Each structure stands twice: as C-alpha cells, then as structure tokens.
Amino acid sequence: MNKVLLTGFEPFGGETINPSWLAVKALHGRKMLGRTVVAAQLPTVFDDSLRVLNKLLLEHQPELVVCVGQAGGRHAMSLERVAINVNDAPIADNAGAQPIDTPVVRRAPVAYFTTLPIKAMLAALHRENIRAEVSQTAGTFVCNHVFYGLMRMLATNHALRHTRGGFVHVPWLPEQGAPHMSLDDLVRGLRAAVRCALRVQEDRVMGAGATD
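Residues numbered from 1 in each chain as written. Predicted model: local features only at pLDDT ≥ 70, side-chain atom pairs only at ≥ 80, totals over all residues. Heavy atoms only, no water.

Student: Just give me the short version of the overall build of the protein chain, but keep the residues and values in it.
Tutor: For the protein chain, the count of helices and strands is 5 helices and 11 strands. Since a compact globule built from 212 residues should have a radius of gyration of about 17 Å, the 16 Å found for the protein chain is in line with a globular shape. Projected onto the principal axes, the alpha-carbon positions of the protein chain cover approximately 45 × 40 × 35 Å. Within the protein chain, counting contacts between residues at least 6 apart in sequence, those at least 24 apart form 78% of the total. Charge-centre separation for the protein chain: the mean point of 22 positive side chains lies 9 Å from the mean point of 18 negative side chains. (Helix = DSSP H or I, 4+ residues; strand = E, 2+ residues; numbered from the N terminus. Rg over C-alpha atoms; globule rule 2.2 N^0.38 Å. Contact = heavy atoms within 4.5 Å. Lys, Arg positive; Asp, Glu negative; His and termini not counted. Charge placed at Lys NZ, Arg CZ, Asp CG, Glu CD.)

Set out below in structure tokens:
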C-alpha cells in the first residue's frame, strides 16, 4: 500500500490531446509523502476502460486512486462527489459505442460516494490559488462509467478494502478553448489534492453545495 494510482484518458471527440492524461503523466514516478505515483492512461471506451482500470488496481493495490477526466466547459478542477449507475452517452466513445440508459453494473447500487476527503482537498486547492469546486455530477459518459466502476471495485474486492479513491474533472487546456487552465496549474493542483488526500483520513465539514 505504498502507491498512488493516477489515471487519465486518451483524447476523444475529435480532440488530439486530453489534459487529464497530460497532467497525471507529469506526476508519474514522483514520490508523495513516501508513496510512489503510478500514472496510467485509460481508453475512452466504455467497456475497455474498466477492464484496464481493474487490472491496474489488482496489479498495484494502491493506497489511493484518483481517476482524472476532461470536462470541457468547466472553469475549475471539479472534485466529484458521487458516481451513478447509468450510461447515457451524448456522443460515441472511441470505439463507436453510444450506450443510452444502460447500467454501468447490472443489479448493483444506484450510486457510490467518493471516499476521498473532497472538502479538505477543496480547501487545499484554494490555498494554492487553484480554481476548484465540489461537483455533484460526473456526467453520464465514460468518466462517470469509470468513477462508478472504480468505487464498485473498491467496495466489493477484498484485496482493495483499504484503498480509497475518487474522480477529478479538469478543464480544457488553453489551446482547446475556453474556459481553460494551464497544464502547470493542473499538475500543481493535482499534486496538492493528492497530498491532501494522503494526509486526511476524515473529511472536514464545510459548505460546497450547489443550487443547480
């Protein structure tokens, strides 16, 4: 349990880059509070993404897992609160699949909450002057699919009973459009968020809800 697993996605939707992968790749091999960071890329494909993720989880059995995805249109790093058991793809994935109104996992709970201390992480990001928010939805595309599959795996696999995990969405890079965030800020923010998650076992209580 001396590893941190970070995952990002390959480009999708006609893009040539994905900031989630570039940010986690920049942290690969680094030490954080005595743990080694392992970064891996997931395919932006519904079924394959979870097969790759589950293999990584069992291979590394990390102490902490943070899956990262791109959310074009968001202005801040979004710390996701809840994953829901539904696929409802607005576009096709990289294999051409576009599931609509299907479960991520059949006969499984409707939702799982993150086990990351997202309120403490939010405060840590704000101290670093990184735009950040707690998000109440991870969407219904491959990001939520991976988030739900991750939390399901952590909740049901005995080998991973001590592993905590969750999902973070990041904005576009400047070359992709607006709103955006620089890669340096994404890397700096992700590092601050992970370090906080390693330190904090019980999340703090602070307002970070939403009206919409």
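Student: Describe in detail helix α3 (residues 118–127), supporting the description with residues and values.
Tutor: Across the 10 residues of α3, 8 count as buried, placing the element largely inside the fold. Every buried residue of α3 is accounted for by I118, K119, A120, M121, L122, A123, A124 and L125. Tucked into the core, α3 has its buried residues touching β5 (77–80), β10 (132–135) and α5 (183–199). Phi turns positive one or two residues past the end of α3, at N129, with a value near 60 degrees. (Buried < 20%, exposed > 50% of the residue type's maximum accessible area, 1.4 Å probe, protein only.)

Student: Describe the side chain of T163, and please don't skip the residues or the numbers.
Tutor: Tracing the chain through its elements places T163 in the loop between α4 (142–156) and β11 (164–170). Overall, the relative accessible area of 6% leaves T163 in the buried class. A polar contact is formed between the side chain of T163 and the backbone oxygen of P62, at a distance of 2.6 Å. (Polar contact = N/O pair within 3.5 Å; in protein donor to acceptor, adjacent residues only side chain to side chain.)

Student: Which residues make up the packing of aromatic side chains, and what values go with them?
Tutor: Overall, the coordinates contain 4 aromatic pairs when judged by the stated rule. Ring plane angle 45 degrees and centroid distance 5.7 Å describe the contact between F12 and F141, whose orientation is recorded as tilted. Taken together, the positions of F12 in the loop between β1 (3–9) and α1 (19–25) and F141 in the loop between β10 and α4 put the pair 129 residues apart, joining distant regions of the chain. Exposure class is identical for F12 and F141. Each is buried. Judged by centre distance (5.6 Å) and plane angle (90 degrees), the rings of F46 and F141 are edge-to-face. (Phe/Tyr/Trp six-rings, centres within 6.5 Å; stacked < 30°, edge-to-face > 60°.)

Student: Now, about the pairing of β5: what can you tell me, with residues and values included?
Tutor: In β5, alternate side chains face the same way, and those of M77 and L79 on one face and S78 and E80 on the other are all buried. The sheet contact formed by β5 and β11 spans 2 bridges and is antiparallel. Within β11, the residue paired with S78 across the bridge is H169. (Pairing = 2+ DSSP bridges.)

Student: Could you give an account of the packing of α3 against α5, naming the residues involved and the relevant values?
Tutor: For any two helices packed against each other, the geometry comes down to the angle between their axes and how far apart the axes lie. Between α3 and α5, whose axes approach to 9 Å, the crossing angle comes to 140 degrees. By the angle between their axes, α3 is oblique relative to α5. Considering how the two elements wind past one another, α3 and α5 form a crossing that is right-handed. Along the contact surface, α3 presents A120, M121, A124 and L125, while α5 presents G189, A192, A193, C196 and A197. (Axes fitted to C-alpha atoms, helices over the stretch in contact; angles between N-to-C directions. Parallel < 35°, antiparallel > 145°, perpendicular 65-115°, else oblique. Left-handed = near helix turned anticlockwise from the far one by under 90°.)

Student: Tell me what's going on with the environment of L125, and back it up with residues and numbers.
Tutor: Take L125: it is sitting in helix α3. With 58 residues separating them along the chain, L125 and C67 place their C-alpha atoms 17 Å apart. The residues touching L125, leaving out its near neighbours within four places in the chain, are M77, L79, I130, A132, G189, A192 and A193.

Student: Describe α4, naming the residues involved and giving the relevant values.
Tutor: Helix length check: α4, at 15 residues, gives a terminal C-alpha distance of 21 Å against a target of 21 Å (1.5 Å per residue), a fit within 8%. For α4, a buried count of 12 out of 15 residues is recorded, marking the element as mostly surrounded by other parts of the structure. Among all positions in α4, only V142, C143, N144, H145, V146, F147, Y148, G149, L150, M151, M153 and L154 are buried. (Expected span 1.5 Å × (residues − 1).)

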